[in-house]
Amino acid sequence: MAYEQVRLERRGRAALITLNRPKALNALSADLLAELTEALDEIAEDERIGATVITGSERAFAAGADIKEMVELDPVAAYRDDFLSGWERVAAHRKPLVAAVAGYALGGGCELAMMCDFILAADNARFGMPEITLGIIPGIGGTQRLIRSVGKAKAMEMILTGRTMDAVEAERCGLVSRIVEAAELLDEAVRVAQRIASFSLPAVMAAKEAVGRANETTLAEGIRFERRLFYSLFATLDQKEGMAAFLEKREPQFRNR
Ligand code: CO8
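Note that the structure is predicted; figures quoted are calculated from it, not measured. (Residues numbered from 1 in each chain as written. Predicted model: local features only at pLDDT ≥ 70, side-chain atom pairs only at ≥ 80, totals over all residues. Heavy atoms only, no water.)

Asker: Would you mind showing me how to read the overall build of the protein here?
Answerer: Within the protein one finds twelve helices and ten strands. Against the globule reference of 18 Å for 257 residues, the protein gives a C-alpha radius of gyration of 19 Å, in line with a compact fold. For the protein, the C-alpha atoms occupy an extent of roughly 60 × 45 × 40 Å along the three principal directions. Scored against the burial criterion, the 257 residues of the protein give a buried share of 44%. For the protein, long-range pairs separated by at least 24 residues make up 66% of all intrachain contacts whose partners lie at least 6 apart in sequence. Carbon and sulfur atoms make up 55% of the accessible area of the protein, which amounts to about 14000 Å² in all. (Helix = DSSP H or I, 4+ residues; strand = E, 2+ residues; numbered from the N terminus. Rg over C-alpha atoms; globule rule 2.2 N^0.38 Å. Buried < 20%, exposed > 50% of the residue type's maximum accessible area, 1.4 Å probe, protein only. Contact = heavy atoms within 4.5 Å. Areas by Shrake-Rupley, 256 points an atom, 1.4 Å probe, with all protein chains shown as cover.)

Structure, rendered in structure tokens:
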């Protein structure tokens, strides 16, 4: 499919999705979401792709929901059609997603970054939840995901005041995994995604699923879940190959089987 509001490229076994509405600071319109989910569906079905980077521009990862589009939102239609449900498809994507954030990640933009498995931030990144300044609240997981990564005090402060955080604060409080120089961000994010994609895809998907489960369940249930996945990976050819390669002191050739 031809995309306009996102760009989809393949870099070896990694995919790169670039949000592509630079004039609107990548505001997240319904059309952009439709293209993003279509691109992710393409990636899900493509066996050659093992991980994906989602990025924006140097100025903005995404400045939130498209306010021009949202201003006339009809609450009855939104309820009937479940206006925001498409975003669940992003969160439910089963291969790893790395957010490469430069510039603004505000509102829905910050929420999209948090739907990814981890965030690499450029030194000019700014994260925030300005919805309260518009008379609304975050709507695609912000109130739930932010508190899980930065704790109650910071999440409450950001959501109640609309204050933004710079990259240093975001790294210090665990919202981002690392800060990278802005000029290096994309190359580094693609390198990281390619490294993930070089491993056995079933193992990578199981790791993502197991870590993700930690936010959904109790410790005891999570550990039981992890153990089931651990046992099941011994049914893969890649486990046999990975361990044989280690013992034979050679590089493994994973086949995603
Ligand atoms: N929606 C629509 N257009 C936007 C948005 C946006 N969120 N953000 C920026 N733009 C547009 C501006 O209107 C402007 O367009 P134009 O040139 O046609 O006037 C262009 O992008 C450039 O923006 P600015 O001139 O404002 O650039 P500045 O550098 O002066 O400021 C800011 C940059 C600080 C990022 C500023 O644009 C801003 O505050 N933007 C809005 C941020 C915001 O409030 N985001 C939260 C939106 S609400 C939300 O995300 C709800 C989440 C739940 C639903 C999620 C569904 C996707």
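And the narrative resumes.
Asker: Mind showing me how you'd approach the nonpolar core here?
Answerer: General note: in soluble globular proteins, nonpolar side chains tend to be found buried as a group. Judged by nonpolar contacts, the single largest core of 46 residues is most densely connected at F127 and L175. Membership of the second largest hydrophobic core comes to 18 residues, among which are A14, A122, I196 and A197. (Core = buried A, V, L, I, M, F, W, Y, C linked by side-chain atoms within 4.5 Å.)

Asker: Teacher, can you tell me more about the side chain of H93 here?
Answerer: Relative to the elements of secondary structure, H93 occurs in the loop between α4 (86–91) and β5 (97–101). Beyond its immediate chain neighbours, meaning those up to four positions away, H93 contacts L40, I43, A44 and K208.

Asker: What exactly am I supposed to notice about a nonpolar patch on the surface here?
Answerer: Taken together, the side chains of F230, Y231, F234 and M243 make up a nonpolar region of the molecular surface, amounting to roughly 430 Å² of accessible area. Mapped onto the elements of the fold, F230 is located in helix α11 (residues 219–233). Owing to a relative accessible area of 49%, F230 belongs among the partly exposed residues under this scheme. (Patch = residues over 30% accessible without salt bridge, like charges linked within 9 Å, V, L, I, M, F, W, Y side chains within 5 Å. Salt bridge = Lys/Arg side-chain N within 4 Å of Asp/Glu carboxyl O.)

Asker: Before we go on, may I ask you to explain the sheet that holds strand β8 (residues 126–128) in this structure?
Answerer: Within a sheet, adjacent strands bond to each other through the backbone by hydrogen bonds, running parallel or antiparallel. Read across the sheet, four strands follow the order β4-β6-β8-β9 without closing on themselves; strand pairing throughout is mixed. The sheet is open, and its two edges are formed by β4 (60–62) and β9 (164–166), each paired on a single side. Direction aside, neighbouring strands of the sheet carry axes that sit 20° apart on average. Sheet topology note: the strand β6 (residues 104–106)/β8 ladder contains three bridges and is parallel. Across the sheet, residue Y104 finds its bridge partner in β8, namely R126. Strands β4, β6 and β8 of the sheet are contacted by helix α5 (residues 108–115), whose axis makes an angle of about 95° with β6. (Pairing = 2+ DSSP bridges. Axes fitted to C-alpha atoms, helices over the stretch in contact; angles between N-to-C directions.)

Asker: Sorry, what's going on with the confidence of the model for the protein here?
Answerer: In low-pLDDT segments, the atomic positions of the prediction should not be examined closely. Averaged over all residues, the pLDDT of the protein equals 97, while 100% of them reach at least 70. The ipTM, which scores confidence in the relative placement of chains, is 0.98 for this predicted complex, and the corresponding pTM is 0.97. (pLDDT = per-residue confidence, 0-100.)

Asker: Looking at this structure, how should I read the layout of surface pockets?
Answerer: It is the rolling of a water-molecule-sized probe over the atoms that shows where space remains empty. Quantified by volume, the largest pocket comes out at close to 940 Å³. What lines the largest pocket is a set of 27 residues, among which M115, D117, R145, G212 and N215 lie closest to the centre. If you list the elements that add at least two residues to the lining of the largest pocket, you get α5, β7 (118–122), α6 (142–150) and α10 (201–213). A total of six residues in the lining of the largest pocket trace back to one element, the largest contributor, which is α10. For the lining of the largest pocket, a count of residues per class yields twelve nonpolar, seven polar and eight charged. Estimates place the volume of the second largest pocket at around 740 Å³. (1 Å grid on protein atoms, 1.4 Å probe; cavity = no way out; pocket = protein on both sides within 12 Å on 5 of 7 lines; lining within 4 Å. Points joined across faces, edges and corners; volume = space filled by probe spheres on them. Nonpolar A, V, L, I, M, F, W, Y, C, P; charged D, E, K, R; others polar.)

Asker: What's the story with the site of the ligand in this structure? I'm lost.
Answerer: For the ligand, the set of nearby residues contains 25 residues, the closest of which are R59, A63, A65, I67 and G108. Within the complex, the protein chains bury 67% of what would otherwise be the 1100 Å² of accessible surface of the ligand. Counting only elements with at least two residues in the shell around the ligand, the list comes to α2 (67–70), β6 and α5. Top contributing element to the shell around the ligand by residue count: α2, with three residues. (Near = heavy atom within 4 Å.)

Asker: What exactly am I supposed to notice about the side chain of T236 here?
Answerer: Following the sequence through the fold, T236 ends up in the loop between α11 and α12 (237–247). A relative accessible area of 12% places T236 in the buried class. Each residue touching T236, except ones within four places of it in the same chain, is listed here: P202 and R257.

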